[in-house]
Amino acid sequence: MSHHPSLAPAFTPDPHSYARPAEVSVHHLDLDLIVDFSSSTLAGTATWQLTHHAPAAELVLDTRGLAIDAVLLGGPDGTPTTYEFGPDDTVLGQPLHIVLSPDAAAVTIRYRTAPGAAALQWLPPAQTAGRQQPFLFTQSQAILARTWLPCQDSPGVRFTYEARVQVPAHLLPLMSAENPQERTPDGSYTFRMSQPIPAYLMALAVGDLEFRPLSARTGVYAEPATLPQAAEEFADLEDMVTAAEDLYGPYRWERYDLLVLPPSFPFGGMENPRLTFVTPTILAGDRSLTSLVAHELAHSWSGNLVTNATWNDFWLNEGFTVYFERRIMEKLYGRPYADMLQVLGHTALLHTVEELGPTSPDTHLHLNLAGRDPDEGLNEIAYEKGDYLLLTLEHLVGRPALDTFIKDYFARHSFRSMDTLSFVEYLRQELLAKHPGLEEHLQLAAWINGPGIPAVAPPVVAARFQAVEAALAQWQAGTPAANLTTTGWTSHEWVHFLHGLPPGLTAARLTELDEAFAFTHSGNAEILAAWFPLTIAAGYAPAEEPLREFLTWVGRRKFLVPLYRALLATPSGADRARAIYAAARGNYHAVATSTFDALLGNPTE
Ligand code: BES
Ligand code: ZN
């Protein structure tokens, strides 16, 4: 038995996990998975290697909807032991209590997932680009790993893993691990992740996938129909990784590959280690939406190396990542470009603060999500207020000092978790103490435990948006849309233009804009997502069918929530929203339908 009291990591209590890692924690997983598309289930055998920190009679794992066939002490040939489920919670699932012997070094669980497991989306061929083969992908963040793997599902617990995965012979499986680049004849694959990761970074995708290298250590996986476009869109990937390393230290995960998912993927991107998952809606054809890739890449440091200890500390993942993302974009495309991203983010922050209200505790950086589904409690604040705190620090101490601080922070806490209190302590020690009066000036407490945006935050401006604002003013003063100067605009200028239009535009005014700029038929999802709310409010008929198609085909929650809301806010839109949702719901991931069911009602009930 291994007792390591002196090495015991300090586990911050996690309100979203039943596990008790301070007693016994897991440090390695051996996983056998059989992927069965006919029953939409995984059959698994999970062997967990244990570290004992304190005498414990049982190991508690998180599960949700798993059927357990056997629990053994030791490996797959071990001896059966007693186990029992605790009470079921709709969000947290059920604790699995496993009786341990004092010398148990490992436990093995044989289990099956439920066909409706929330982390898993099983797509029929019709929902893929090729329309011939089915597709499966997982989304484990925040607390959904437990729906496909019995685990200590807390971001403060890390483990290495090896997996053997069996899939139908013509499909390729990929994981957040060392990945195959070619198919095997028998559909049997092995994976290894040698760096310890938390359960929310466990990932699996299975489909008709092919690989294309982009550099010696980067590449992209996609369905054959999408691969050429993806390789074109992500051509700058190696430059991004190099830029990130120049900023904040070596990339610690060896390869960095992208996987382009089918459009029902509920997020823009997910930072699964070694293999970022991305939505196909960033394949705009002009590389205009690749800041999302910079974002997921940045998580290879903020999030995957230094990990939020609980979901209350989510801003430590996302705020640092947004700041880092924009620094990468600045290195590649210059300050004026990155400034546009900063202003768009700032606009989103102001909207979120307004929506949540000026005194809402959900606008604090340090959250209190106990008793709530983290998936519903996490919002733009962690991203943009978190970024804004770092931007304010940059403004106050200068870039060189902040960059040294951040680089050291990543280096010194690599492969560990961080909670907000420990971060504040570290910040004081390493940065604030060197600048007398800085903590007060920064209003640190107001950022962390106060609502809204502290007054010390510097203004954010983008020179390239001046032309946009000038065009907006001219159009409102009577210049025809077709006569506005918009040459060289990227999608960011266009999105800023659309956000800057006055409310209540009539269908006739939208017709004029659409004739000049063809928004309704834009191939850029960000432009569509900014345009459709205007068309919904105005009852602009030419956009109705394109909107229905967008809502049916795309499953990205960030786009769909505002569009369904805009529909609900108009008299005729509510019925339309429900009709579209009833038809589209089957195409969405569980992470999205739980949000939309709350908004629109569950059409299947
Ligand atoms: N890690 C997040 C996605 C996430 C957060 C999934 C919380 C589940 C729970 C990812 O890095 C992310 O932030 N994605 C954004 C894109 C980004 C450019 C802001 C998204 O999907 O919109
Ligand atoms: Zn993120």
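All values reported here derive from a predicted model rather than from experimental measurement.

Trainee: Quick one: what's the story with the pattern of salt bridges, residue by residue and with numbers?
Mentor: Under the definition given, this model contains 31 salt bridges. Note that R217 is salt-bridged to E245, the shortest N-O span being 2.9 Å. Highlighted residues: R217 in the loop between strand 15 (210-213) and strand 16 (218-222) and E245 in helix 2 (residues 237-248), separated in sequence by 28 residues. In this structure, R274 engages E254 in a salt bridge whose closest nitrogen and oxygen atoms are separated by 3.7 Å. Here E254 lies in the loop between helix 2 and strand 17 (256-260) and R274 lies in the loop between strand 18 (269-270) and strand 19 (275-278), a separation of 20 residues in the sequence. Classification of R274 as buried rests on a relative accessible area of 7%. The exposure class assigned to E254 is partly exposed, which follows from its relative accessible area of 46%.

Trainee: So what's going on with the coordination of the zinc ion (ligand 2)? Which residues, and what values?
Mentor: Of the protein atoms, only H295 (NE2), H299 (NE2), E318 (OE) and E318 (OE) coordinate the zinc ion (ligand 2), at distances of 2.0 to 2.7 Å. The site at the zinc ion (ligand 2) holds six donor atoms, and with the angles between them running 53 to 159 degrees, its shape is irregular. Look at where the donors of the zinc ion (ligand 2) fall in the sequence and you get H-x3-H-x18-E. You can call H295 buried: its relative accessible area is 8%.

Trainee: Would you mind going over the domain arrangement of the protein in detail, with residue names and values included?
Mentor: Domain boundaries in the protein define domain 1 (19-116 + 130-206), domain 2 (209-300) and domain 3 (306-449). The distance between the C-alpha centroids of domain 1 and domain 2 comes to 26 Å. Interface area, domain 1 with domain 2, both sides summed: about 2,100 Å², of which 64% is carbon and sulfur. On the domain 1 side of the contact with domain 2, F135, F137 and Q181 bury the most area, a combined 25% of that side's loss. Put simply, domain 1 and domain 2 have zero salt bridges between them. Along the contact surface separating domain 1 from domain 2 lie six residue pairs in polar contact (both at pLDDT 80 or more). Only strand 10 (135-138), strand 12 (172-175), strand 13 (188-198) and strand 14 (204-207) provide two or more residues apiece to the side of domain 1 that touches domain 2.

Conventions we followed
Residues numbered from 1 in each chain as written. Chains lettered and ligands numbered in written order. Predicted model: local features only at pLDDT ≥ 70, side-chain atom pairs only at ≥ 80, totals over all residues. Heavy atoms only, no water. Salt bridge = Lys/Arg side-chain N within 4 Å of Asp/Glu carboxyl O. Helix = DSSP H or I, 4+ residues; strand = E, 2+ residues; numbered from the N terminus. Buried < 20%, exposed > 50% of the residue type's maximum accessible area, 1.4 Å probe, protein only. Donors = N, O, S within 2.8 Å, 3.2 Å for Na, K, Ca; no water. Tetrahedral: all angles 85-135°; square planar, octahedral: opposite > 155°, others 65-115°. Domains from an automatic or database assignment. Buried area = accessible area lost by both parts, 1.4 Å probe. Polar contact = N/O pair within 3.5 Å; in protein donor to acceptor, adjacent residues only side chain to side chain.

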